[in-house]
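Descriptive structure summary
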Amino acid sequence: MTGWHGSSDYGTALGEFVERYEAAVGPRTSVFVLGDARNNQQDPNLPALRRIARTARRVHWLSGAPLAVGHG
């Protein structure tokens, strides 16, 4: 959805999602975030995630990364 950055940047991705698709998210919407859940010390943009979570019925974060991946 966002340009190739070479590392995870969920803050940018969530912000762009809100800018582009917030109107499409409603009380019957489930939002899935797919990724390693590491943000590589970038701003996580928690306000954008809160906006999505407030509007959507459910938000699911699916990560295939092992629990002990370290901090990015």
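The shown structure was predicted, so the numbers you read here are calculated from the model rather than taken from an experiment. (Residues numbered from 1 in each chain as written. Predicted model: local features only at pLDDT ≥ 70, side-chain atom pairs only at ≥ 80, totals over all residues. Heavy atoms only, no water.)

**As for a nonpolar patch on the surface**
Together, Phe32, Leu34 and Leu62 give the surface a local cluster of nonpolar side chains, amounting to about 330 Å² of exposed area. With respect to the secondary-structure elements, Leu34 resides in strand β1 (residues 30–34). The class for Leu34 is exposed, based on a relative accessible area of 62%. (Patch = residues over 30% accessible without salt bridge, like charges linked within 9 Å, V, L, I, M, F, W, Y side chains within 5 Å. Areas by Shrake-Rupley, 256 points an atom, 1.4 Å probe, with all protein chains shown as cover. Salt bridge = Lys/Arg side-chain N within 4 Å of Asp/Glu carboxyl O. Helix = DSSP H or I, 4+ residues; strand = E, 2+ residues; numbered from the N terminus. Buried < 20%, exposed > 50% of the residue type's maximum accessible area, 1.4 Å probe, protein only.)

**Overview of the pattern of salt bridges**
Scanning all chains against the criterion turns up two salt bridges. Two residues, Glu16 and Arg20, come together in a salt bridge whose shortest N-O distance is 3.5 Å. Linking Glu16 with Arg20, this pair stays in helix α1 (residues 10–21), spanning four residues, or about one helical turn. Here Arg51 makes a salt bridge to Glu22, at a shortest N to O gap of 2.5 Å. Remark: Glu22 occurs in the loop between α1 and β1 and Arg51 occurs in helix α2 (residues 46–55); sequence separation between them is 29 residues. Of the residues examined, Glu22 reaches a relative accessible area of 28% and is grouped as partly exposed.

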